[in-house]
Amino acid sequence: GTTNAATTTTTTPPPSDEMHDRLAILDSLTSRQERLDEAKQSIALLSTRLVASPQDHVASLSLLINLLSDSDATVASIAMLSLFSIFVDIVPGYRITTNSTLNEPAMTAGGKGNKKVSREVADLRSYESKLLAHYTSYVN
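Rules used in this analysis
- Residues numbered from 1 in each chain as written.
- Predicted model: local features only at pLDDT ≥ 70, side-chain atom pairs only at ≥ 80, totals over all residues.
- Heavy atoms only, no water.
- Helix = DSSP H or I, 4+ residues; strand = E, 2+ residues; numbered from the N terminus.
- Buried < 20%, exposed > 50% of the residue type's maximum accessible area, 1.4 Å probe, protein only.
- Contact = heavy atoms within 4.5 Å.
- Areas by Shrake-Rupley, 256 points an atom, 1.4 Å probe, with all protein chains shown as cover.
- Expected span 1.5 Å × (residues − 1).
- Arc of directions from axis to C-beta.
- Polar contact = N/O pair within 3.5 Å; in protein donor to acceptor, adjacent residues only side chain to side chain.

S.K.: Whenever I open this one, the overall build of the protein confuses me. Can you help?
M.R.: Each helix and strand in the protein was counted, giving 7 helices and 0 strands. When the elements of the protein are put in sequence order from the N terminus, they spell out α-α-α-α-α-α-α. The buried share of the protein, taken over its 140 residues, is 35%. Within the protein, contacts between residues at least 6 apart in sequence are counted, and of these 61% link residues at least 24 apart. In the form shown here, the protein has an accessible surface area of approximately 8,500 Å², with 54% of it arising from carbon and sulfur atoms.

S.K.: Got a minute to help me understand helix α2 (residues 32-52) in this structure?
M.R.: An α-helical turn contains 3.6 residues, so any two residues separated by three or four positions project in the same direction. With 21 residues, α2 extends 30 Å between its outermost C-alpha atoms, agreeing within 8% with the 30 Å of an ideal straight helix rising 1.5 Å per residue. The set of residues buried in α2 consists of Arg35, Leu36, Glu38, Ala39, Ser42, Ile43, Leu46, Ser47 and Leu50. Viewed end-on, α2 has its buried residues packed into an arc of 165 degrees, placing them on one side of the element. Exposed residues pointing more than 90 degrees away from the buried face of α2 are listed as Thr48 and Ala52. Near the N-terminus of α2, the side chain that reaches the backbone nitrogen of glutamine 33, with its oxygen 3.2 Å away, is that of serine 31.

Distances and angles like these do not, on their own, reveal function.
Right, dumping it as structure tokens:
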């Protein structure tokens, strides 16, 4: 599928059906080498998409995190190293603060909570929250 970099949405689209299908193929491959090759291609594709457009593909982190528990230690290792590289590239250089660390109600673009914030700020906070959740899952 194609993405439009100029379009910003408030919700991250789920990983494409294509990616789910590619990862589902892993279970059906009989040859270890075929399975490993398919896993490498899937990991590379997910990684490329994430680094190119992290906010649009943040949900794809969950697919890579699931590969950490793959029955093939090589696949799990490749996923771990790829996730490390991805997080190095996409984690911002500033501290991500959540609403709970600010002791404030959630602030959204719709004005729900104490303050109204712009759509861009609401989108950024949503992305940061998801990124933080995936990163926590990765390090645990």
